[in-house]
Amino acid sequence: MTNITVAKGDGIGPEIMDATLKIMEAAGAEIKVETIDIGEKVYLQGHSSGMAPEAWESLRRTKVFLKAPITTPQGGGYKSLNVTTRKTLGLYANVRPCISYHPYVATKHPVMDVVIIRENEEDLYAGIEHQQTDEVTQCLKLITQPGTEKIIRFGFEYAKAYGRKKVTCFTKDNIMKLTDGLFHSTFDKVAKEYPDIESEHWIVDIGAAKLADTPENFDVIVMPNLYGDILSDVAAQITGSVGLGGSANIGAEYAMFEAIHGSAPRRAGQDMANPSGLLLGAIQMLVYIGQPQVAQKIHNAWLRTMEDGVHTYDLFKEGVSTKKVGTSGFADAVIERLGQEPQQLAPIAYSAGTTHKIQGHFDKLEPAKKDLVGVDIFLHWNGEDRDPNVLGDILSKFTSGPFSIQLITNRGVKVYPNGNPETFCTDHWRCRFTSKKMDQPSSYNDVLALSKMITEAGLDIIKTENLCRFNGELGFSLGQGQ
Ligand code: NAD
């Protein structure tokens, strides 16, 4: 018997959760449910994360969370329960199988069986944002070596456990050479550890276009957080309905399973909603907790139900469907078919090998030899028609150690020296101080001395960013035009 924490959520949540629990019970799942309250009611009671302290205690005890969708109240001050849960519990891997069930569910893509594995904690979702000037806001994109190695190994381990043939990586490293570049180079490095699995990389824009056009060419796709967030919804939708998507969020110690859709408030309380997304999430949970036979039994009964044309309103189509059912009627139809396999769709077989908890690890890096070779000083400057040459002349008076002004960029484009007068300039200037060849190491005292001089000259420093070499390699991007 495995203890699990269950939250029924808001809107259609309680109905689809009751249906899912009923099916699991009928299939003989050995689970003991602890129910907690989350969502709208809890937010409105004053818990800004949407979860009360006693709910966290249950999760810490069971470490397995089956969660129905919630309604996030409108207005400010409410933190996303999903983001909080993922980060608090270290759920770094989001797994979303996106499969089409042609001809039983209408889809433009009859052959589609893709698993999207999305990094769940980093990237632009670190939530570190600042307004820096009147005109400019920024969001920090953090891609780490441990986070990247863990998710990419997870992707390959998942492919291995489920007998999948290929892992694809999407990044935008032609533009973001350091951050997405780290993701891509880590992918290439880890792929070598799995010679039996094919690996490939696409730039995310053309990769996304291909995924939407010919999903049959993809198998497992691993991506940084933002691309994965967007593309996993696209992939689920093109299988026929987001209502069919279930997802797992896996960490080293904890895991959370859910439907990918929201609480569909307009459908609440009417016994109409499709419980399939949550049920498919629960099936992943059963595999995770070591009950693959029960998972297999439910999955095959569910496929048979789909195939028999017993559909909820969102999938019902004259000529294809045979019977329109509500949430509870659908649960009963799945229960009736427990022990049966689909006749046309491929039956599922979860072998003992798929019961292992999949994990990705990272190798600890040897610290590199790190040399400070310069500093980018960011200024909020609005003077003299925003003429970069005027700013350049002011800054050329300041030197400290080997550092003098080499370059000014505006939104990343070189505007000094020898900029193009056509370049549009905002009030946000990145001023790069280094030695001529960016090769003379110095100390942070030079950064402090420069900052002091610049501040005393009446200029407004927004922030500074150290420029370092790691084992001699540049640890920063060059300005466009540098
Ligand atoms: P939604 O997913 O709730 O609904 C989108 C559309 O899909 C609606 O037309 C809805 O009727 C339909 N739909 C969704 N699930 C269905 C199901 N199981 N069966 C049949 N039809 C289904 O998205 P939304 O309307 O943008 O959001 C509603 C609320 O859900 C918001 O408060 C949002 O913040 C929240 N939300 C929560 C989660 C989560 O808890 N994981 C995820 C997304 C949205």
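Rules used throughout
- Just so you know, the residues in each chain are numbered from 1, in the order the chain's sequence is written.
- Since the coordinates come from a predicted model, pLDDT governs what is reported: local features require at least 70, and pairs of side-chain atoms require 80 or more to be given and counted, while whole-chain, interface and lining totals use all residues.
- Side-chain figures throughout are based on the complete set of non-hydrogen atoms in the structure, without hydrogens or water.
- For the purposes of this section, nonpolar cores are sets of buried Ala, Val, Leu, Ile, Met, Phe, Trp, Tyr and Cys residues that join through side-chain atoms within 4.5 Å.
- Only protein chains enter the area calculation, which uses a 1.4 Å probe; residues under 20% of their type maximum are buried, those over 50% are exposed, and those in between are partly exposed.
- Two residues qualify as a contact provided that any one of their heavy atoms is within 4.5 Å of a heavy atom in the partner residue.
- Where each domain starts and ends comes from a domain assignment, either automatic or drawn from a database.
- Joining two parts hides part of their accessible area as seen by a 1.4 Å probe, and the buried area is that hidden amount summed over both.
- The term salt bridge refers to a pairing of a side-chain nitrogen on Lys or Arg with a carboxyl oxygen on Asp or Glu at a separation within 4 Å.
- Two N or O atoms count as a polar contact when they lie within 3.5 Å, although within protein this holds only if one can serve as hydrogen donor and the other as acceptor, and sequence-adjacent residues are included solely when both atoms are side-chain atoms.
- Being near a molecule or strand, for a residue, means having at least one of its heavy atoms within 4 Å of it.
- Throughout, the Shrake-Rupley method with a 1.4 Å probe supplies accessible areas, and for residues the shown protein chains are the sole cover considered.
- Think of it as three bins: nonpolar holds Ala, Val, Leu, Ile, Met, Phe, Trp, Tyr, Cys and Pro, charged holds Asp, Glu, Lys and Arg, and polar takes everything else, Gly as well.
- Two strands make a pair as long as DSSP finds a minimum of two bridges between them.
- Helix and strand labels come from DSSP, where a helix needs a run of H or I of at least four residues and a strand needs a run of E of at least two; each type is numbered from the N terminus.
- Assignment of crossover handedness uses the view with strands pointing away from the viewer, where a clockwise path from the first strand over the helix to the second indicates a right-handed crossover.
- Angles shown run from 0 to 180 degrees and are taken between the N-to-C directions of axes, each axis being a line fitted to C-alpha atoms and, for helices, limited to the stretch in contact.
- Our angle categories are set so that under 35 degrees counts as roughly parallel, over 145 as roughly antiparallel, 65 to 115 as roughly perpendicular, and the remainder as oblique.
- Here a crossing is called left-handed whenever its near helix is offset anticlockwise from the far helix by less than a right angle, and right-handed whenever the offset is clockwise.

1. A closer look at the nonpolar core
- Counting 74 residues, the largest nonpolar core has Met-24, Leu-66, Ile-298 and Trp-302 as the members making the most contacts within it.
- Setting aside residues no more than four positions away along its own chain, Met-24 makes contact with Ala-29, Ile-31, Leu-66, Ala-282, Met-285, Leu-286 and Ile-298.
- By size, the runner-up hydrophobic cluster in this structure holds 22 residues, among which are Val-375, Ile-405, Cys-431 and Leu-450.

2. A word on the domain arrangement of the protein chain
- In terms of domain boundaries, the protein chain breaks down into domain 1 (2-357) and domain 2 (370-474).
- In this structure, domain 1 and domain 2 have C-alpha centres spaced 45 Å apart.
- Each partner contributes residues to the interface: domain 1 has six residues there, and domain 2 has eight residues.
- Counting the surface lost from both domain 1 and domain 2, the interface buries some 660 Å², and carbon and sulfur atoms represent 47% of this.
- Ranking the residues of domain 1 by area buried against domain 2 places Gln-132, Thr-133 and Glu-135 at the top, with a combined share of 64%.
- Along the contact surface separating domain 1 from domain 2 lie one salt bridge.
- For the salt bridge of Glu-135 with Arg-386, the shortest nitrogen-to-oxygen distance reads 2.8 Å.
- Linking domain 1 with domain 2 are five residue pairs in polar contact (both at pLDDT 80 or more), by the criterion used here.

3. Details of the site of the ligand
- Close to the ligand lie 18 residues, the nearest being Ile-70, Gly-262, Ala-264, Asn-274 and Tyr-313.
- With the chains in place, 66% of the 810 Å² that the ligand exposes on its own is no longer accessible.
- Here the residues of the shell around the ligand sort into seven nonpolar, seven polar and four charged.

4. Quick notes on the pairing of strand β9 (residues 198-203)
- Where strand β8 (residues 166-171) and β9 come together, six bridges link them in parallel fashion. Counted as the bridge partner of Thr-171 is Ile-203 from β9.
- Following the chain from β8 across helix α6 (residues 179-191) to the adjacent parallel β9, one finds a crossover that is right-handed.

5. Comments concerning the packing of helix α1 (residues 13-26) against helix α9 (residues 276-288)
- Across the interface, α1 lies against α9 with an axial gap of 9 Å and an inter-helix angle of 40 degrees. When the interaxial angle is binned, α1 and α9 end up oblique. Between α1 and α9 lies a crossing of right-handed hand. In this structure, α1 contributes Ile-16, Met-17, Thr-20, Ile-23 and Met-24 to the contact, and α9 contributes Leu-278, Leu-279, Ala-282, Met-285 and Leu-286.

6. Structural notes on the sheet that holds strand β15 (residues 370-380)
- Here we have six strands laid out as an open sheet, ordered β17-β16-β18-β15-β19-β20, and antiparallel in their pairing. In the strand order of this sheet, the two ends are held by β17 (413-416) and β20 (473-474), each with one partner.
- The pairing of strand β16 (residues 404-410) with strand β18 (residues 428-434) spans six bridges and is antiparallel. Looking at the pairing, Leu-407 lines up with Arg-432 of β18.
- Here helix α12 (residues 388-395) sits on the sheet and contacts β15, β16, β17 and β18; the angle it forms with β16, its principal contact strand, is near 155 degrees.
- Packing against the sheet, helix α13 (residues 444-456) makes contact with β15, β18 and β19 (460-470), and its axis sits at approximately 15 degrees to β15.

7. Overview of unusual backbone geometry
- Following His-102, the chain continues into Pro-103 via a peptide bond in cis, with omega recorded as 0 degrees.
- Here the residue pair Tyr-416 and Pro-417 is connected by a cis peptide bond, since its omega of -5 degrees sits within 30 degrees of zero.
- Among the secondary structure elements, Pro-417 is positioned in the loop between β17 and β18.
- The backbone of Lys-63 shows a phi angle near 65 degrees, a positive value even though the residue is not glycine.
- Position of Lys-63 among the secondary structure elements: in the loop between α3 (53-62) and β3 (64-67).
- Positive phi, close to 55 degrees, is recorded for Asp-385, a residue that is not glycine.
- Residue placement: Asp-385 occurs in the loop between β15 and α12.
- Since its relative accessible area comes to 79%, Asp-385 is described here as exposed.

8. Some points on the side chain of Arg-118
- Here Arg-118 lies in strand β5 (residues 113-119).
- With near-sequence residues (within four places) excluded, Arg-118 lies in contact with Arg-86, Tyr-92, Ala-93, Asn-94, Tyr-125, Ile-151, Met-223, Asn-225, Gly-228 and Asp-229.

9. Structural notes on the sheet that holds strand β11 (residues 246-250)
- Spatially, the 10 strands line up as an open sheet ordered β2-β1-β3-β12-β11-β4-β5-β10-β8-β9, and their pairing is mixed. Strands with a single pairing partner mark the edges of an open sheet, and in this sheet they are β2 (31-36) and β9. Recorded for the sheet is a direction-independent mean angle of 20 degrees between the axes of neighbouring strands.
- Where α6 meets the sheet, its contacts fall on β8, β9 and β10 (220-223), and the angle it forms with β8 comes to roughly 165 degrees.

10. Quick notes on the pattern of salt bridges
- Across all of its chains, the model carries 28 salt bridges by this definition.
- Its salt-bridge partner being Asp-332, residue Lys-22 comes within 2.8 Å of it at the nearest N-O pair. A residue pair is termed long-range when its members are at least 10 positions apart, and Lys-22 in helix α1 and Asp-332 in helix α11 (residues 327-336) qualify at 310 residues.
- Its salt-bridge partner being Arg-164, residue Asp-219 comes within 2.7 Å of it at the nearest N-O pair. Note that Asp-219 is positioned in the loop between α7 (204-213) and β10 and Arg-164 in the loop between α5 (145-161) and β8, a separation of 55 residues in sequence. Just as Asp-219 is buried, Arg-164 falls in that class too.

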